[in-house]
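A closer look at the structure
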Amino acid sequence: MVVAISSVGLVAKPRLHGSPVPERSRGGSDRSHGIYACDVSEPDTGAAREGELQAFRRAAHALVDGVANHLAALPSRPVWQPLPDALREQLVDLPLPERAATLDDLVATALRDVLPHAMGNGHPAFFGWVNPPPSPAAVVASLAAAAMNPSVVAGDHADVHLERAVVRWLAELVGFPHAPGAGLLTSGASAATIVCFAGARGRALAEVGRDVRRDGLTGAPQLVAYVPAEAHSCVRRALELLGLGSGAMHEVPLDGGRLDAAALRASIAADRASGAVPALLVGSAGTVNAGVIDPLDALADVATAEGLWFHVDGAYGAFGVLDPAIAARFRGMERADSLTLDPHKWLGVPVDAGCALVRRSDDLRDAFSLIPPYLRQDASAPVGTFAEYGFEQTRPFRALKTWATIAARGRAGIAAQVARANGLARELATLVEREPELELASAPETSIVAFRARPAGCPPSRLDDVNRALPEAVQARGRVFVTGTVFGGRETLRACILHPDTGSDHLATLVAEVVTTARTLAATG
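Residues numbered from 1 in each chain as written. Predicted model: local features only at pLDDT ≥ 70, side-chain atom pairs only at ≥ 80, totals over all residues. Heavy atoms only, no water.

Turning to the overall build of the protein chain, a few remarks are in order. Each helix and strand in the protein chain was counted, giving 14 helices and 17 strands. Residues classed as buried in the protein chain amount to 47% of the 525 residues present. In the protein chain, of all internal contacts separated by at least 6 residues, the share reaching a separation of at least 24 is 71%. For the protein chain, the exposed area adds up to about 24,800 Å²; of that, 55% sits on carbon and sulfur atoms. (Helix = DSSP H or I, 4+ residues; strand = E, 2+ residues; numbered from the N terminus. Buried < 20%, exposed > 50% of the residue type's maximum accessible area, 1.4 Å probe, protein only. Contact = heavy atoms within 4.5 Å. Areas by Shrake-Rupley, 256 points an atom, 1.4 Å probe, with all protein chains shown as cover.)

Before going further, it helps to examine the packing of helix 13 (residues 463–477) against helix 14 (residues 504–524). It is at 9 Å that the axes of helix 13 and helix 14 come closest, and there the two elements cross at 120 degrees. Relative to helix 14, the element helix 13 is oriented oblique. Crossing angle aside, the handedness with which helix 13 passes helix 14 is right-handed. Contact residues: V466, A469, L470, A473, V474 and R477 in helix 13; E513, V514, T516, T517, A518, L521 and A522 in helix 14. (Axes fitted to C-alpha atoms, helices over the stretch in contact; angles between N-to-C directions. Parallel < 35°, antiparallel > 145°, perpendicular 65-115°, else oblique. Left-handed = near helix turned anticlockwise from the far one by under 90°.)

This paragraph deals with the pairing of strand 10 (residues 277–284). Counting buried residues in strand 10 gives 8 out of 8 residues, a clear majority hidden from the surface. Taken together, the 4 bridges between strand 6 (residues 223–227) and strand 10 define a ladder with parallel strand orientation. Residue pairing in the sheet places Y226 in a bridge with L281 of strand 10. Judged from the 5 bridges that link them, strand 10 and strand 11 (residues 309–313) form a sheet pairing that is parallel. Bridge pairing in strand 11 places L280 opposite W309. With respect to chirality, the unit in which strand 10 leads through helix 10 (residues 296–306) into the neighbouring parallel strand 11 is right-handed. (Pairing = 2+ DSSP bridges. Right-handed = clockwise from strand over helix to strand, strands pointing away.)

The next thing to look at is the sheet that holds strand 16 (residues 483–487). The antiparallel open sheet is built from 4 strands, whose spatial order is 14-15-17-16. If you trace the sheet from one side to the other, it starts and ends with strand 14 (438–442) and strand 16, each paired once. Within the sheet, the average angular offset between the axes of one strand and its neighbour, ignoring direction, is 45 degrees. With 5 bridges connecting them, strand 16 and strand 17 (residues 490–496) associate as antiparallel partners. Bridging from a neighbouring strand, T485 pairs with T492 of strand 17. Set on the sheet, helix 13 makes contact with strand 15 (448–453), strand 16 and strand 17; between it and strand 17 the angle comes to about 30 degrees.

A few words on the packing of helix 6 (residues 189–206) against helix 11 (residues 361–368). Two elements in contact, helix 6 and helix 11, have axes whose closest approach is 8 Å; the angle formed by their N-to-C orientations is 85 degrees. With respect to helix 11, the element helix 6 is oriented roughly perpendicular. Within the contact between the two elements, helix 6 uses V195, C196, A198, G199 and R203 and helix 11 uses D363, L364, A367 and F368. In terms of residue class, the contact of helix 6 with helix 11 is made up of 6 nonpolar, 1 polar and 2 charged. (Nonpolar A, V, L, I, M, F, W, Y, C, P; charged D, E, K, R; others polar.)

Picture the strands of a sheet paired through backbone hydrogen bonds; they go either parallel or antiparallel. With mixed pairing, the 7 strands of this open sheet are ordered in space as 5-13-12-11-10-6-7. The open sheet has two edge strands with one neighbour each: strand 5 (183–186) and strand 7 (249–251). In this sheet, neighbouring strand axes are inclined to one another by 20 degrees on average, regardless of whether the strands run parallel or antiparallel. Against the sheet, helix 9 (residues 261–273) engages strand 6, strand 7 and strand 10, with an angle of about 165 degrees to strand 6. Running at roughly 170 degrees to strand 10, helix 10 makes contact with strand 10 and strand 11 of the sheet.

Ranked by internal contacts, the top residues of the largest apolar core, which has 127 residues, are L170 and L281. At 13 residues, the largest contribution of residues to this core is made by helix 12 (residues 399–434). (Core = buried A, V, L, I, M, F, W, Y, C linked by side-chain atoms within 4.5 Å.)

Moving on, we come to helix 5 (residues 158–174). Its 17 residues place the ends of helix 5 25 Å apart at the C-alpha level, agreeing with the 24 Å of an ideal helix rising 1.5 Å per residue. Regarding helix 5, the residues found buried are D159, V160, L162, E163, A165, V166, V167, L170, A171, L173 and V174. Residues of helix 5 that are buried sit in contact with helix 4 (136–148), strand 5, strand 12 (338–341), strand 13 (354–358) and helix 12. Once helix 5 ends, the next one or two residues include G175, with phi positive near 75 degrees. (Expected span 1.5 Å × (residues − 1).)

Structure, rendered in structure tokens:
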């Protein structure tokens with residue numbers, strides 16, 4: 001798209017590639033060097049636009065075919081392999097192009113140099129982190145969302161209304177109470193946690209007569225957050241970014257999945273006696289390390305009795321409530337003041353797609369609402385613009401791909417997928433327990449299995465070193481992909497099962513690869 005400014009205004013005229021041929025306009029003005037001077041009212045012939053659309057159709061069809069071929073070939077390819085050195089250097093050192101490339105060239109480069117060298121999460125033998133393959137329905141929907149390219153904030157257009165419906169759908173899926181305006185889509189649970197904690201901070205300080213938006217935190221009493229040791233790192237980051245500081249985190253006393261409510265309430269009482277303001281209690285509906293579900297109902301009881309904001313991190317695990325076999329473990333999640341979800345995890349919505357849900361929408365509106373005159377829209381509406389409930393003013397159209405993912409499967413399909421993943425996790429745990437050179441670190445509650453290698457003849461003093469090196473060594477072999485963590489103070493492997501096509505054969509391959517690689521590491525260390 002070449003844009004030129006003339007003495008009478010701005011006009012845009014697209015061209016595909018090459019340099020424009022100088023020509024004379026109807027008014028005799030010179031169109032040279034790609035500069036088109038014309039009256040604002042001068043009609044465009046449409047020829048260049050039609051050519052651009054034809055090029056788009058051709059390139060888009062080639063891209064779709066290439067992506068489909070890539071997806072079809074994935075199961076027969078290595079899960080992951082390092083980039084060739086020459087390609088890595090080429091990508092890092094790409095020069096800024098001087099001239100325009102054609103869409104055909106761009107598609108060819110993407111299919112040749114980028115798509116084949118993915119992280120690996122599209123493969124059914126990928127067990128790393130919490131990264132599923134993208135939903136095909138959402139991949140298709142992403143094209144339409146990009147073609148619309150709205151900033152989803154306010155107004156009477158489809159993206160705004162669809163996001164409100166999608167947020168309600170997500171709340172309904174996990175059984176969280178929802179009122180209009182009491183939630184929005186975010187880039188992920190990290191951003192959603194900041195949104196929710198801002199509401200908690202504002203409410204806690206308002207109750208002691210402080211206006212944090214006007215006065216900041218200077219001179220305010222110290223707010224205290226009670227956080228389990230296995231909480232996701234985004235909890236700490238949110239507390240730091242909101243000015244509460246990591247020092248405000250006091251550990252929730254949990255032992256074997258049980259809450260010592262008496263000890264927690266004693267800690268809260270001691271903090272109050274010191275002049276601090278207990279404000280927030282955090283629980284997890286599936287920890288990242290091992291998928292452990294905190295005692296949410298017991299935590300909700302304490303939060304209610306003590307007047308604390310109860311936040312549940314359900315980014316990965318909250319959708320586990322759809323599995324009848326473990327649904328009871330999530331009791332209490334529906335009592336939370338806020339809940340974070342990541343549709344781009346278990347549901348497979350392409351990144352990014354997080355969600356913040358709150359019980360009272362006004363808590364978020366009080367924390368964020370700021371409407372300058374140039375952004376006034378629907379000022380009298382009972383539900384404000386999305387910018388009034390979070391910190392993003394420019395917001396991408398995340399709802400369309402989320403809608404497509406949910407609609408393509410329906411509640412029953414999603415529930416079946418969740419239950420199947422959890423069943424496979426239990427199957428993997430059984431395989432680990434049957435293998436003398438492996439040990440289970442924690443019985444799986446959701447679809448994450450934490451386990452360790454203990455190769456025959458390996459001294460106990462070296463086991464941590466072996467397990468620390470094991471994930472990358474397994475990844476390099478290309479047959480499966482697994483990642484590591486520290487659990488219970490020891491180096492641990494963790495396999496997260498999210499891919500709809502993962503089967504028992506992939507679990508057996510994972511076990512065999514870990515055992516073989518661990519033996520090699522133990523022998524060569």
